[in-house]
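Listed below are the residues making up each chain.
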Amino acid sequence: MRITVLTLFPEMFPGVLESSIVAQARKKGAVEFALVNIRDFALDKHQVADDAPYGGGPGMIMKPEPIFRAVRSLAEGGSRPKVVLLSPRGRRYDQRAARQLAREAHIALLCGHYKDIDERVRTIVDDDISVGDYILSGGEVAAMAVIDSVVRLLPGAISDPESADRDSFENGLLDHPHYTRPETFEGMTVPEVLRSGNHAQIARWRRRQALRITRQQRPDLLQTAELSGQDLELLDEE
Ligand SMILES: C[S@@+](CC[C@H](N)C(=O)[O-])C[C@H]1O[C@@H](n2cnc3c(N)ncnc32)[C@H](O)[C@@H]1O
């Protein structure tokens, strides 16, 4: 997969791209990145990429010409990527959207900044994504969340792909609790079943915990999760 980031602040990205699973995936060849500075596509010698809003008001608006030119440059000599705008107006990002993006060969993440982008930019955008109902200073941090969540799903990105398949939201539920050594820490002991070696009992306990945590923390997820008869019994158990 190829991920291109279109931004006025490319210097924000190396920490994320050069650490942890994203860096590993890159080394293994599962993903390659390109950071494109929108300012490089500005038309004037001062490389101005923003201007005051028509109609007045506070804040600066990212100009359309540099963004159009930057996006068009991506299609030169090859196929055009799917252009994804990070925007509070976009569809709410979730694990399903991450899975969809992970199937693309090339995505370009377009980061707005300042007061916003010029509205006409939306005519060259294929998809818009919001990471939640709050306002970030720019699309860069949102793009990092998209990058991390997509890359960990790519074949070969993490050593045990089953681990990602079992995370929260993958099966419509939140994840069950996890423990590691020591067995007892500050008077808190790891549940006995996890130390029993009985894999059937462990699986049953984990499923029950996932169901209960989801019911407690995110009852909305239970409305759409595919629950078996046994799941309903586990939820009813005292
Ligand atoms: C300060 S925000 C602009 C907010 C805009 N004036 C509004 O009220 O909808 C600047 C940029 O940050 C990005 N951004 C802010 N919040 C976001 C969110 N929740 N999800 C995705 N991108 C976001 C967008 O790219 C946006 O163009």
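Refer to the preceding data block for the structure.
J.: Please give an account of the overall build of the protein chain that cites residues and values.
T.: Per the secondary structure count, the protein chain includes 9 helices and 10 strands. Radius of gyration (C-alpha) of the protein chain: 22 Å, far over the 18 Å computed for a compact globule of 238 residues. For the C-alpha atoms alone, the extent of the protein chain along its principal axes is close to 70 × 40 × 35 Å. Split into buried and exposed, the 238 residues of the protein chain put 42% on the buried side. For the protein chain, contacts bridging at least 24 residues in sequence account for 74% of all contacts bridging at least 6. Counting every atom, the protein chain has about 13900 Å² of accessible surface; 49% of that belongs to carbon and sulfur. Here the protein chain contributes 31 positively and 36 negatively charged side chains, and the mean placements of these two sets differ by 2 Å.

J.: Tell me what's going on with the site of the ligand, and back it up with residues and numbers.
T.: Among the 19 residues in the neighbourhood of the ligand, the closest are listed as Leu86, Lys115, Asp116, Gly132 and Tyr134. In the environment of the ligand, a nitrogen atom lies 2.8 Å from a nitrogen or oxygen atom belonging to the backbone of Lys115. Of all the secondary-structure elements, those providing two or more residues to the shell around the ligand are strand S5 (82-92), strand S8 (127-130) and helix H5 (139-151). Here the shell around the ligand is composed, by residue class, of 9 nonpolar, 8 polar and 2 charged.

J.: Run through the packing of helix H2 (residues 20-27) against H5, naming residues and quoting values.
T.: With their axes 9 Å apart at the nearest point, H2 and H5 run at an angle of 60 degrees to one another. In terms of orientation, H2 and H5 fall into the oblique class. Considering how the two elements wind past one another, H2 and H5 form a crossing that is left-handed. Along the contact surface, H2 presents Ile21, Val22 and Ala25, while H5 presents Ile147, Asp148 and Val151.

Each value, and the rule that gives it
Residues numbered from 1 in each chain as written. Predicted model: local features only at pLDDT ≥ 70, side-chain atom pairs only at ≥ 80, totals over all residues. Heavy atoms only, no water. Helix = DSSP H or I, 4+ residues; strand = E, 2+ residues; numbered from the N terminus. Rg over C-alpha atoms; globule rule 2.2 N^0.38 Å. Buried < 20%, exposed > 50% of the residue type's maximum accessible area, 1.4 Å probe, protein only. Contact = heavy atoms within 4.5 Å. Areas by Shrake-Rupley, 256 points an atom, 1.4 Å probe, with all protein chains shown as cover. Lys, Arg positive; Asp, Glu negative; His and termini not counted. Charge placed at Lys NZ, Arg CZ, Asp CG, Glu CD. Near = heavy atom within 4 Å. Polar contact = N/O pair within 3.5 Å; in protein donor to acceptor, adjacent residues only side chain to side chain. Nonpolar A, V, L, I, M, F, W, Y, C, P; charged D, E, K, R; others polar. Axes fitted to C-alpha atoms, helices over the stretch in contact; angles between N-to-C directions. Parallel < 35°, antiparallel > 145°, perpendicular 65-115°, else oblique. Left-handed = near helix turned anticlockwise from the far one by under 90°.

Everything listed here is a matter of coordinates, which is why it stays silent on function.
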